[in-house]
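Fold and geometry: a report
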Amino acid sequence: MPKILFVLTGADHWTLADGTRHPTGFWAEEAVVPYRALKAAGHEVVVATPGGVVPQVDRASLAPEFNGGQEGADEVARALEEMTELREPVKLTEVDLDDFAAVFYPGGHGPMEDLTVDAGSGRLLAAALGSGKPLAVVCHGPAALLAAAGADGSNAFAGYRVAAFTNEEERQGGFAERAKWLLQDRLTEAGVDVQVAEPWAPFVVVDRNLVTGQNPASSAPVAEELLKKLG
């Protein structure tokens, strides 16, 4: 049974420009939807975090308004309970890429806090990209790409086309003016070619072995593309 590595943030907050700690973590839909799709296809999932800490879900992502109503919110909460792997993560630094058929990074604001500066995660991402194995990243997950250095010191993803949470979505979500920096801007500065689509609509970009999605609504199509690459 091919194993898929899920790399999740270990952060439970996101530090804003004024020093305020905004409670966060990983976004439920972005973990649950790909998890269920991959498990249904017969894959094993292993969760890794910085330091092996148990990842925290962003409580806001469990609200009915983000899940199509109370019924959807209840279903997402049930799905999280099914994800027993979340309760026993491995340390990111102990991951052997050779053990996995693919790597997946969900988002939430958490990666903006820790994975964006996590050297171990950056090395893993660069190695996964270079290996040709499917690598999928969604929403704020591409913040982790900022830690991935190539052999010449430039960003390993420079020149790649990606989808990621946009400045406009951050503005509409109420955080653009409060953030230290914006993901779309930082990726662009690193030489990554950020493709921008309509806010909140599903949007996926596939460039070689890299699959990226713009927002939570992109979780399902990202999972579909990842499964295609896994054959």
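About the thresholds
- Residues numbered from 1 in each chain as written.
- Predicted model: local features only at pLDDT ≥ 70, side-chain atom pairs only at ≥ 80, totals over all residues.
- Heavy atoms only, no water.
- Helix = DSSP H or I, 4+ residues; strand = E, 2+ residues; numbered from the N terminus.
- Buried < 20%, exposed > 50% of the residue type's maximum accessible area, 1.4 Å probe, protein only.
- UniProt positions renumbered as here; feature names shortened; annotations may be inferred.
- Axes fitted to C-alpha atoms, helices over the stretch in contact; angles between N-to-C directions.
- Left-handed = near helix turned anticlockwise from the far one by under 90°.
- Contact = heavy atoms within 4.5 Å.
- Nonpolar A, V, L, I, M, F, W, Y, C, P; charged D, E, K, R; others polar.
- Pairing = 2+ DSSP bridges.

**A word on unusual backbone geometry**
- If you check the backbone angles, Cys-139 has positive phi at about 65 degrees while not being a glycine.
- Here Cys-139 is to be found in the loop between β7 (135-138) and β8 (161-163).
- The phi dihedral of Trp-200 is positive, around 75 degrees, even though this residue is not glycine.
- Summarising the element assignment, Trp-200 is placed in the loop between β9 (193-195) and β10 (204-207).
- Residue Trp-200 is classed as partly exposed on the basis of its relative accessible area of 38%.

**Re the UniProt feature "domain: DJ-1/PfpI" (unreviewed entry) in the chain**
- Feature annotation in UniProt places "domain: DJ-1/PfpI" (unreviewed entry) on residues 28-228, given in this structure's numbering.
- Within the segment residues 28-228, helix and strand shares are 33% and 15% respectively, and the terminal C-alpha atoms sit 23 Å apart.

**Here's the deal with the packing of helix α1 (residues 28-40) against helix α2 (residues 70-82)**
- Across the interface, α1 lies against α2 with an axial gap of 10 Å and an inter-helix angle of 65 degrees. Considering only the axes of α1 and α2, their crossing is left-handed. In this structure, α1 uses Ala-28, Val-32, Tyr-35 and Arg-36 to contact α2, whose residues at the interface are Glu-75, Val-76, Ala-79, Leu-80 and Glu-82.
- Of the residues assigned to the contact of α1 with α2, the class counts are six nonpolar, no polar and three charged.

**Brief notes about the sheet that holds strand β6 (residues 102-105)**
- Spatial ordering of the open sheet is given by β5-β4-β1-β6-β7-β11-β10, a layout of seven strands whose pairing is mixed. Here the strands that pair on one side only, and so sit at the sheet edges, are β5 (90-91) and β10.
- In the sheet, β6 pairs with β7 via three bridges, with the strands oriented parallel. Bridged to Phe-104 within β7 is Ala-136.
- Along the sheet, helix α4 (residues 119-131) makes contact with β1 (3-7), β6, β7 and β11 (210-213), crossing β6 at roughly 135 degrees.

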